[in-house]
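Fold and geometry: a report
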Amino acid sequence: MTFLNELDAIGRGLPRRDGPAKVLGTAVYAYETPLENAAYVHPVQATIARGTVSQLDTTAAEALDGVVAVLTPATAERLASTEDRELATLQDRKIAFRGQVIAAVVADSSEVARHAAALIRVTYAQAAHDCELRADRDDLYAPERVNPDFPTDTTEGDVDAAMAAAEVTVEQTYSTAMYHNNPMEPHATAALWDPAGDGSLTLWDSTQGVHPTRATLATVFGLDEAQVRVVCPYVGGGFGSKGQPHVNVVLAALAARAVPGRPMRLALTRQQMFALAGYRTPTIQRCRLGADHDGTLTALEINVVEQTSKLKEFAEQTGVPARMMYASPNRRTTHRLAALDVPPPSWMRAPGECPGMFGPEVAMDELAERLGMDPVELRIRNEPDVEPGSGKPFSSRNLVGCLREGATRFGWSERDPRSGVRRRGAWLIGTGVAASTYPVSRMPDSTATIRREGDRYVTEIGAADLGTGTWTTLAQIAADALGVPVSRVDVRIGDTDYPMASVAGGSSGMTTWGSAVVEAARAFRARYRTEPPDGAEASGVVQPPDDRYAMHAFGAQFAEAHVHTDTGEVRVPRLLGVFAAGRIINPRTARSQFIGGMTMGLSMALHESSVLDPRTGHVVNHDFADYHITANADVDEIEAQWLPEHDPHVNAMGSKGIGEIGIVGTAAAVSNAVWHACGVRVRDLPITLDKVLHALE
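This report concerns the structure included in the present document.

The rules we used
Residues numbered from 1 in each chain as written. Predicted model: local features only at pLDDT ≥ 70, side-chain atom pairs only at ≥ 80, totals over all residues. Heavy atoms only, no water. Helix = DSSP H or I, 4+ residues; strand = E, 2+ residues; numbered from the N terminus. Rg over C-alpha atoms; globule rule 2.2 N^0.38 Å. Contact = heavy atoms within 4.5 Å. Areas by Shrake-Rupley, 256 points an atom, 1.4 Å probe, with all protein chains shown as cover. Lys, Arg positive; Asp, Glu negative; His and termini not counted. Charge placed at Lys NZ, Arg CZ, Asp CG, Glu CD. Salt bridge = Lys/Arg side-chain N within 4 Å of Asp/Glu carboxyl O. Buried < 20%, exposed > 50% of the residue type's maximum accessible area, 1.4 Å probe, protein only. Core = buried A, V, L, I, M, F, W, Y, C linked by side-chain atoms within 4.5 Å. Phe/Tyr/Trp six-rings, centres within 6.5 Å; stacked < 30°, edge-to-face > 60°. Lys NZ or Arg CZ within 6 Å of the ring centre and 35° of its normal. Polar contact = N/O pair within 3.5 Å; in protein donor to acceptor, adjacent residues only side chain to side chain. Expected span 1.5 Å × (residues − 1). Axes fitted to C-alpha atoms, helices over the stretch in contact; angles between N-to-C directions. Left-handed = near helix turned anticlockwise from the far one by under 90°. Pairing = 2+ DSSP bridges. Patch = residues over 30% accessible without salt bridge, like charges linked within 9 Å, V, L, I, M, F, W, Y side chains within 5 Å. 1 Å grid on protein atoms, 1.4 Å probe; cavity = no way out; pocket = protein on both sides within 12 Å on 5 of 7 lines; lining within 4 Å. Points joined across faces, edges and corners; volume = space filled by probe spheres on them. Nonpolar A, V, L, I, M, F, W, Y, C, P; charged D, E, K, R; others polar.

Let us now look at the overall build of the protein. The number of helices and strands found in the protein is 16 helices and 28 strands. For the protein, the C-alpha radius of gyration of 26 Å lies close to 26 Å, the compact-globule estimate for 697 residues. Projecting the C-alpha coordinates of the protein onto the three principal axes gives extents of approximately 75 × 75 × 50 Å. Pairs at least 24 residues apart make up 82% of the contacts formed inside the protein by residues separated by at least 6 positions. Total accessible area on the protein is roughly 25,800 Å²; 48% of this is exposed by carbon and sulfur atoms. In the protein, the 65 positive side-chain charges and the 86 negative ones have mean positions that sit 2 Å from each other.

A word on the pattern of salt bridges. Counted by the stated rule, this structure contains 48 salt bridges. Of the charged contacts in the structure, one is a salt bridge between Arg409 and Glu639, with a shortest N-O distance of 3.6 Å. Of this pair, Arg409 sits in helix 11 (residues 399-410) while Glu639 sits in strand 28 (residues 637-642); the two residues are 230 residues apart in sequence, bridging distant segments of the chain. Assessed through its relative accessible area of 42%, Arg409 is described here as partly exposed. Note on Glu639: relative accessible area 25%, which makes it partly exposed. Between Arg451 and Glu537 there is a salt bridge; the shortest N-O distance is 2.7 Å. With Arg451 in strand 20 (residues 447-453) and Glu537 in strand 23 (residues 537-541), this pair connects stretches of sequence that are 86 residues apart. Note on Glu537: relative accessible area 32%, which makes it partly exposed. Via salt bridges that share partners, Asp160, Glu171, Arg286, Arg288, Glu301 and Arg332 belong to a single interconnected network.

Our focus in this paragraph is the nonpolar core. Counting residues in each nonpolar core, the largest one holds 103 residues, and the members touching the most others are Leu367, Phe558, Val670 and Val674. The contact partners of Phe558, leaving out residues within four places of it in the chain, are Val376, Cys402, Leu403, Gly406, Ala407, Phe410, Trp412, Gly432, Val433, Arg574, Leu575 and Leu576. Listed in part, the 87 residues of the second largest apolar core include Val210, Leu251, Ile461 and Val489.

Considering all chains together, one arrives at 13 aromatic pairs under this definition. Taken together, a centroid distance of 5.9 Å and an interplanar angle of 80 degrees make the contact between Tyr457 and Phe524 edge-to-face. With Tyr457 in strand 21 (residues 456-460) and Phe524 in helix 13 (residues 509-528), this residue pair connects regions lying 67 residues apart in the sequence. When the ring of Phe579 is compared with that of Phe594, the centres are 4.3 Å apart and the planes differ by 5 degrees; the resulting orientation is stacked. With Phe579 in strand 25 (residues 570-580) and Phe594 in helix 14 (residues 587-606), this pair connects stretches of sequence that are 15 residues apart. Taken individually, Phe579 and Phe594 each receive the classification buried, so the pair is uniform in this respect. Counting every residue linked through ring pairs, the aromatic cluster contains Tyr29, Tyr234 and Trp471. We note Arg257 situated over the ring of Trp193; from NZ or CZ to the ring centre the distance is 3.7 Å.

In this fold, His187 is placed in the loop between strand 10 (168-176) and strand 11 (188-193). The exposure class of His187 is buried, given its relative accessible area of 3%. Separated by 3.1 Å, the side chains of His187 and Ser241 make a polar contact. Beyond its immediate sequence surroundings of up to four residues, His187 is in contact with Ser241, Lys242, His246, Asn248, Leu266, Ala267, Leu268, Met273 and Ala277.

This paragraph deals with helix 13. For helix 13, spanning 20 residues, the distance from its first C-alpha to its last is 28 Å, which sits close to the expected 28 Å at 1.5 Å a residue. Downstream of helix 13 by one or two residues, Arg529 has phi in the positive range, about 55 degrees.

Glancing now at the packing of helix 9 (residues 358-371) against helix 15 (residues 666-678). At a minimum axis separation of 8 Å, helix 9 and helix 15 run at an interaxial angle of 30 degrees. Along this stretch, helix 9 crosses helix 15, giving a crossing that reads as right-handed. Contacts between helix 9 and helix 15 pair Phe358, Glu361, Val362, Asp365 and Glu369 from the former with Ala667, Ala668, Ser671, Asn672 and Trp675 from the latter.

The antiparallel open sheet is built from three strands, whose spatial order is 4-2-6. Either end of the sheet is taken by a strand with one partner, and the two such strands are strand 4 (94-95) and strand 6 (121-126).

Let us now look at a nonpolar patch on the surface. Together, Met184, Phe624 and Ile629 give the surface a local cluster of nonpolar side chains, amounting to about 300 Å² of exposed area. Looking at the element boundaries, Ile629 is found in the loop between strand 27 (618-619) and strand 28. Taking the relative accessible area as the measure of exposure, Ile629 reaches 38% and is therefore partly exposed.

Moving on to empty space enclosed by the protein. Scanning the model with the defined rule gives three cavities of 30 Å³ or more in all. Estimated volume of the largest cavity: approximately 60 Å³. The computed volume of the second largest cavity comes to approximately 40 Å³. Split by residue class, the lining of the second largest cavity holds five nonpolar, no polar and two charged.

Bringing the environment of Ala135 into the picture now. Along the chain, the position of Ala135 falls in the loop between strand 6 and strand 7 (145-146). Overall, Ala135 belongs to the partly exposed group, its relative accessible area being 44%. Excluding residues within four positions of it along the chain, Ala135 makes contact with Leu140, Ile284 and Val305.

Here the focus is the pairing of strand 15 (residues 283-291). Summarising burial for strand 15: eight of the nine residues are buried, a large majority. Taken together, the nine bridges between strand 10 and strand 15 define a ladder with antiparallel strand orientation. For Tyr174, the partnering residue across the bridge sits in strand 15 and is Gln285. As defined by bridge partners, strand 15 adjoins strand 16 (residues 297-309) across nine bridges and the pair is classed as antiparallel. Counted as the bridge partner of Gln285 is Val304 from strand 16. With antiparallel pairing between neighbouring strands as the criterion, strand 15 and strand 16 make up a hairpin whose turn holds five residues, including Gly295 at a positive phi of roughly 95 degrees.

Let us look at the sheet that holds strand 21. Here four strands make up an open sheet; going across it, the order is 22-21-20-23 and the pairing mixed. Edge positions in the sheet fall to strand 22 (489-492) and strand 23, since each of these pairs with one other strand and no more. In this sheet, neighbouring strand axes are inclined to one another by 20 degrees on average, regardless of whether the strands run parallel or antiparallel. Sheet topology places strand 20 next to strand 21; five bridges connect them, and they run antiparallel. Counterpart to Thr449 in the pairing with strand 21 is Glu460. With respect to the sheet, helix 12 (residues 470-482) is in contact with strand 20, strand 21 and strand 22, its orientation differing from that of strand 22 by roughly 130 degrees. Sitting on the sheet, helix 13 touches strand 20, strand 21 and strand 23, and the angle it makes with strand 23 is about 140 degrees.

Take a look at the structure:
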């Protein structure tokens, strides 16, 4: 085959290659892997928030027909590493949070395993617990760093002096709720130790990264990574919760070791996921803005209080986006944690940027109100020339373009700036805007291999597809890099037998894996020129980013909100997002990602809140009946657009991450629209009718 000089697979809205298999039900997910004589694992969870297990009576469970084994701290294998305390399951009797795994049943069927687990009788030595997050706690502390490796606090100039001298100020506290990732496919694992007894372990796991999972499990069990294989061709959603292994993965492997020769299946129930699969910490954000009468910011501050677990620290980087979003000579950001008797928080879609843009973007709207200035114009007026803090030039920054394009598309010029003046029957109508941003991330380690097999070109990399389109977009990148039709490119992903790939997280997947694929294609073409023989092969590794530039994607979110004058009910019939996210690899899958993120942002604004009872440490609304999420009926019109953006500095494709920016800013835009509709400023999410009804009365 002769290489073509140029093709245009990138930029075409090709249908998902994995779509037919998923629609027809032939796509095999981790839990469905065909395994002969598989057994089923069901965890037993603590019903207290802190203390010790005094006694586990497993007699009735073990007597049940079909029960194969019961794992307890007395019978479970000792792990080689317990450094990650979240994964050190069944290693002792201590209880650090309600819902912690204290035993597990292995049975011939999932039904028997669940029944047997309910028969185990547990006696506790209960200790006093503390599960309440407050900003006035006297034990708040500053973590060494915030996720993943940002400074905890930053200071530029003199914020206090600037606030004292400012002509107009805003000083308010905002809060976001506790949120739980709830992908449709729960966390699920199948595990099998090699029956031949060579000590090797195979895991079929619903994960955002097969190679990181392999590395973690090898450490926990004291194995060489070559002894562990992780397979995951399909994932039914993750949103960050599957970005690192949780206890279910270790528990499945422990159970498989306890019953030699039998593979194990473990799928967390929806209720179990609320304790065992991570969540987004609630945040309390004290924001201060100072400005001149012309709208120029003179001071910007955000002080964040959030929670972590006494078992394992995780510090959400909530204050980080305020460090670079707008120009201000005086700026301060801080993070303080309360270590509580709760499960460990973890990644959730757009960690840091998602909660961290709520307070500041609502504060900007409040500042615009006090200035009598259009909130779009206020944001444009405070556009920085270079990245605040670092002083680096932006590789590209088109926030102003997003704001102006969005305002035109949304009909913003017709907006009356006064609140509570537009009405349609019993509904008050308002519109709001907020900015969004997300950093461009390229992970340091990923390798791709390209091989000619007959008349086809095969790209192999151990990447993950969470449903975002990786099967399709990697083929488009490889085709253009090779100069061959995309129809002749196959992709193989989701297996540690393929070259190393980073986790699908931080909107870094395509940026990282695609860069490795381009390098592999360049090596392939350099080695074989225009006539590669059958079996020809070359590999490439991701190259480090150009650190001379600050790299970010930007967007503008517009929302229309309706508030019922009699009931306080809030509806959002219209959402628009306009984004500047580099070169779009596939418009069809990109639009899906933007709209999906905006839908989750609407869910955050109006519905989602994990209600933790501080008396028990229990999330009481731990299912879909009570943990409300946005459905199709919640928004009539949702539209995602993007600006053409050429950025040669971000990577060889010119792409930026798009999986997370859609959620950023959406909740703030909705809150601002609710204020415009009815005059009530809701600073504490979610926006429920009780928070506006008092004003309507």
